Amino acid sequence: SHAMAADYRRSATMAQADFPNVDFSLVPDKDPQLDALRPETDMDVAQRAYDFMLFIRDRPETEIVVSTHSAWLFNVFNVV
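How each quantity is defined
Residues numbered from 1 in each chain as written. Predicted model: local features only at pLDDT ≥ 70, side-chain atom pairs only at ≥ 80, totals over all residues. Heavy atoms only, no water. Helix = DSSP H or I, 4+ residues; strand = E, 2+ residues; numbered from the N terminus. Expected span 1.5 Å × (residues − 1). Buried < 20%, exposed > 50% of the residue type's maximum accessible area, 1.4 Å probe, protein only. Arc of directions from axis to C-beta. Contact = heavy atoms within 4.5 Å. Salt bridge = Lys/Arg side-chain N within 4 Å of Asp/Glu carboxyl O.

A.B. asks: Can you explain helix α2 (residues 42-57)? Please cite residues and give values.
C.D. replies: With 16 residues, α2 should cover 22 Å at 1.5 Å per step; its first-to-last C-alpha distance of 22 Å lies within 8% of that length. For α2, the complete set of buried residues consists of Val45, Ala46 and Ala49. Buried residues in α2, looked at end-on, bunch into an arc of 100°, giving them a common side.

A.B. asks: I'd love a proper account of the environment of valine 45, names of residues and values included.
C.D. replies: When you line up the elements, valine 45 lands in helix α2. The exposure class of valine 45 is buried, given its relative accessible area of 11%. With 30 residues separating them along the chain, valine 45 and asparagine 75 place their C-alpha atoms 7.2 Å apart. Apart from residues lying up to four places away in sequence, valine 45 is in contact with Glu40, Trp72 and Asn75.

A.B. asks: Which residues make up the pattern of salt bridges, and what values go with them?
C.D. replies: According to the stated counting rule, one finds 3 salt bridges in the structure shown. Of the charged contacts, one joins aspartate 58 and arginine 57 as a salt bridge, the two residues approaching to 3.0 Å between their closest N and O atoms. Exposure class is identical for aspartate 58 and arginine 57. Each is exposed. A salt bridge links glutamate 61 to arginine 59, with the shortest nitrogen-to-oxygen separation between them at 2.7 Å. On the accessibility criterion, glutamate 61 (37% relative accessible area) is partly exposed.

Honestly, that's just the spatial picture; any functional story needs more than this.
Next up, the structure:
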């Protein structure tokens, strides 16, 4: 399980209340990573980063806002 406070996020429902103009329809209410039996390995994070970049590439929008933790962005930019 995760022990660091930074590993947790608010529910999508709570975020939607603070940001009513943002579409949270693709965000699970509870973070599925928190149910993992073990923390992600570097390879897990790399795969998730790669999958995310493919997801963004295939979106029809021309402008997309991404909000995340700087440590995850570090992984994205060093993997992809």
